[in-house]
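# Notes for the structure review
Here are the chains, one letter per residue:
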Amino acid sequence: MWTGNRPVNGRVVAGWAVALTAAGLLTCVWFAYTGGTGRHVSAAAGKRPGATKAAMPHKGTLPARVSAEITHAAESGGKAVNITIDDGPDPVWTPKILQVLQDNGAHATFCMIGPHATANPAVVEKIVADGDRLCDHTVSHNTRMDHSPEAYQKSQILDAARMIQQASGGVAPMYYRAPGGAFTPYSRHVAAIHGMRPLGWNIDSRDFYRPGVSTIVNTVKYELGNGPTMLFHDGGGNRSQTFEALRQLLPWLKSQGYTFSFPVR
Ligand SMILES: [Zn+2]
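Reference entry: report on the structure contained in this document.

Okay, the packing of helix α6 (residues 150-168) against helix α7 (residues 185-193) next. Where α6 meets α7, the axes come as close as 10 Å, and the angle between the chain directions of the two elements is 35 degrees. For the pair α6 and α7, the sense of crossing is right-handed. Seen from α6, the contacting residues are Glu-150, Gln-153, Lys-154 and Ile-157; seen from α7, they are Tyr-186, Ser-187, Val-190 and Ala-191. For the contact of α6 with α7, the residue count by class is 4 nonpolar, 2 polar and 2 charged.

Below is the structure:
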């Protein structure tokens, strides 16, 4: 189990959630939850889903910079959700989750730990081929990296970005999500000038704790009013509950009129 993970968003929605919330992380995680603009933009004409293949960066060149504000909104606007899936890629669970997404015509943003991408390049390539997007989730998944020196924060972000881009065959991550939401103004800036939009979340499925499929499903339904960006996990242990919860949730979301989008970048 990936014990370093603290996939909580700090928003107390029910008594039982308090027990799951790591009090020491409230400050940084709350920031991830509330820091976005909440801005919705209309879909751009001709917008292509998924990542686009980019050349490997040459020395001295950077991809186009993006905003350093934490994003939550759906790119498509309207009644949409952004599925985001963290801590992989995993050779067992990520392909299963990709299949569920495909079965439902859904897309997701995968926030990857750099060495996991390096270890599973075929999975990363499949994610890209499916039209899903890549997100940098650092090298070491240190949920207290916001207390670390800037040089450490920078290498955690940029080394993981290189690993992910290498594993994907040249597609760069489009977003950066700090482990446990441990963003700093500096880390957001570093990500942004390297073309990665800081990515928060609105709905924490709490799937990481394996509370049971129905609990995951009900948590997502209960929190649906919070905003469009949902947090799930494909790494950090047995993700059979996540797989089954998505298998139930995706058709339900469609039946409720939701479409599947990506976070505003
Ligand atoms: Zn994580």
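Between helix α8 (residues 213-222) and helix α9 (residues 240-255), the least distance of the axes is 9 Å, while the angle of their chain directions is 50 degrees. The orientation of α8 with respect to α9, classified from their angle, is oblique. Like other packed secondary-structure pairs, α8 and α9 cross with a definite hand, here right-handed. Residues Val-213, Ile-216, Val-217 and Val-220 of α8 touch α9, and the partners they reach there are Gln-241, Glu-244, Ala-245, Gln-248 and Leu-249. Counted by class, the contact of α8 with α9 contains 6 nonpolar, 2 polar and 1 charged residues.

Here Arg-206 is to be found in the loop between β6 (203-204) and α8. According to the C-beta neighbour criterion, Arg-206 is buried, with 23 such atoms within 10 Å.

For helix α5 (residues 121-129), the set of buried residues is Val-123, Val-124, Ile-127 and Val-128. Projection of α5 onto a plane perpendicular to its axis shows the buried side chains occupying an angular sector of 140 degrees, all on one side. Its buried side turned inward, α5 meets α3 (93-103), β2 (108-112), α4 (114-119), β3 (133-136) and α6. Phi turns positive one or two residues past the end of α5, at Gly-131, with a value near 90 degrees.

Now for the pairing of β2. Burial analysis of β2 places 5 of its 5 residues in the buried class, which makes it a mostly covered element. Burial of β2 is two-sided: the residues Ala-108, Phe-110 and Met-112 facing one way and the residues Thr-109 and Cys-111 facing the other way are all buried. Bridge count for strand β1 (residues 80-86) against β2 is 4 bridges, and the pairing is parallel. When the bridges of β2 are listed, Asp-86 appears paired with Cys-111. Each parallel crossover has a hand, and the one from β1 via α3 to β2 is right-handed. In terms of strand pairing, β2 meets β3 through 4 bridges, oriented parallel.

Cut-offs applied
Residues numbered from 1 in each chain as written. Predicted model: local features only at pLDDT ≥ 70, side-chain atom pairs only at ≥ 80, totals over all residues. Axes fitted to C-alpha atoms, helices over the stretch in contact; angles between N-to-C directions. Helix = DSSP H or I, 4+ residues; strand = E, 2+ residues; numbered from the N terminus. Left-handed = near helix turned anticlockwise from the far one by under 90°. Contact = placed C-beta atoms within 7 Å. Nonpolar A, V, L, I, M, F, W, Y, C, P; charged D, E, K, R; others polar. Parallel < 35°, antiparallel > 145°, perpendicular 65-115°, else oblique. Buried ≥ 20, exposed ≤ 12 C-beta atoms within 10 Å, placed from the backbone. Arc of directions from axis to C-beta. Pairing = 2+ DSSP bridges. Right-handed = clockwise from strand over helix to strand, strands pointing away.

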